Amino acid sequence: MLGCLVGALLPVVVGSSAAFTGSVTSSGLLGLVFTVRNLQLLRVTGEPSLPPAVLTTIFGGWFMLAPLLYTDVGFLATAGTQLAGTVISTFGLYVTVAGLADGPA
């Protein structure tokens, strides 16, 4: 959850380009929704939910890729967004693998 918040707010704080800020901030908020939903389902059922975990992993990948696609992003926005994306993807992929390992054979 923290990675999604950092990824969503960092471009706003450091003043990146409007296109980059809009794209990453909206993606961060959507990633936060999927992360919170997965946490909620984990608490209720005791098992990770695969769809939110996969979508969270995809958003983390987007955070790592987005600074490379936009111009005039800036160092802090690039480094922070990519770091947040790495954290998001790592935990999202872990939950995805855990969900696949616990699933039906």
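Since the model is a prediction, treat every value here as computed from it, not as a measurement.

> Looking at this structure, I do not really get the packing of helix H1 (residues 2-14) against helix H2 (residues 18-45). What am I missing?
Each packed pair of helices is defined by two parameters, the angle between the axes and the distance between the axes. Relative orientation of the contacting elements H1 and H2 amounts to 160 degrees, with a least axis distance of 8 Å. If you check the angle between H1 and H2, you find them roughly antiparallel. In this structure, H1 meets H2 at a crossing whose hand is left-handed. For the pair formed by H1 and H2, the contact residues are Cys 4, Leu 5, Gly 7, Ala 8, Pro 11 and Val 12 on the first element and Phe 20, Thr 21, Val 24, Thr 25, Gly 28, Leu 29, Gly 31, Leu 32 and Thr 35 on the second. Counted by class, the contact of H1 with H2 contains 9 nonpolar, 6 polar and no charged residues.

> Is there a simple way to explain the environment of Val 24 in this structure?
Positionally, Val 24 belongs in helix H2. For Val 24, a relative accessible area of 0% puts it in the buried group. Spatially, the C-alpha atoms of Val 24 and Pro 11 are 7.5 Å apart, while their sequence positions differ by 13 residues.

> What am I meant to see in the environment of Leu 2 here?
Structurally, Leu 2 is set in helix H1. With relative accessibility at 63%, the residue Leu 2 sits in the exposed group. For Leu 2 and Ile 88, which are 86 residues apart along the polypeptide, the C-alpha to C-alpha distance reads 8.7 Å.

> Please explain H2 as it appears in this structure.
Given 3.6 residues to a turn, an α-helix orients residues that are three or four positions apart in the same direction. Between its first and last C-alpha, H2 extends 40 Å over 28 residues, near the 40 Å set by a 1.5 Å rise per residue. Of the positions making up H2, those classed as buried are Phe 20, Thr 21, Ser 23, Val 24, Thr 25, Ser 27, Gly 28, Gly 31, Leu 32, Thr 35 and Asn 38. Backbone geometry just downstream of H2 places Gly 46 in the positive-phi region, at approximately 80 degrees.

> Before we go on, may I ask you to explain the side chain of Thr 56 in this structure?
The residue Thr 56 is located in helix H3 (residues 50-69) in this model. Residues in contact with Thr 56, not counting those within four places in the same chain, are Gly 31, Phe 34, Thr 35 and Ile 88.

> I'm lost on the nonpolar core in this one. Help?
Nonpolar side chains in soluble globular proteins tend to be buried together. If you look at the biggest cluster of nonpolar residues, it comprises 9 residues: Cys 4, Phe 20, Val 24, Leu 32, Phe 63, Ala 66, Val 73, Ala 77 and Ile 88. Counting only elements with at least two residues in this core, the list comes to H2, H3 and helix H4 (75-102). Looking at which element gives the most residues to this core, the answer is H2, with 3 residues.

Cut-offs and rules
Residues numbered from 1 in each chain as written. Predicted model: local features only at pLDDT ≥ 70, side-chain atom pairs only at ≥ 80, totals over all residues. Heavy atoms only, no water. Axes fitted to C-alpha atoms, helices over the stretch in contact; angles between N-to-C directions. Helix = DSSP H or I, 4+ residues; strand = E, 2+ residues; numbered from the N terminus. Parallel < 35°, antiparallel > 145°, perpendicular 65-115°, else oblique. Left-handed = near helix turned anticlockwise from the far one by under 90°. Contact = heavy atoms within 4.5 Å. Nonpolar A, V, L, I, M, F, W, Y, C, P; charged D, E, K, R; others polar. Buried < 20%, exposed > 50% of the residue type's maximum accessible area, 1.4 Å probe, protein only. Expected span 1.5 Å × (residues − 1). Core = buried A, V, L, I, M, F, W, Y, C linked by side-chain atoms within 4.5 Å.

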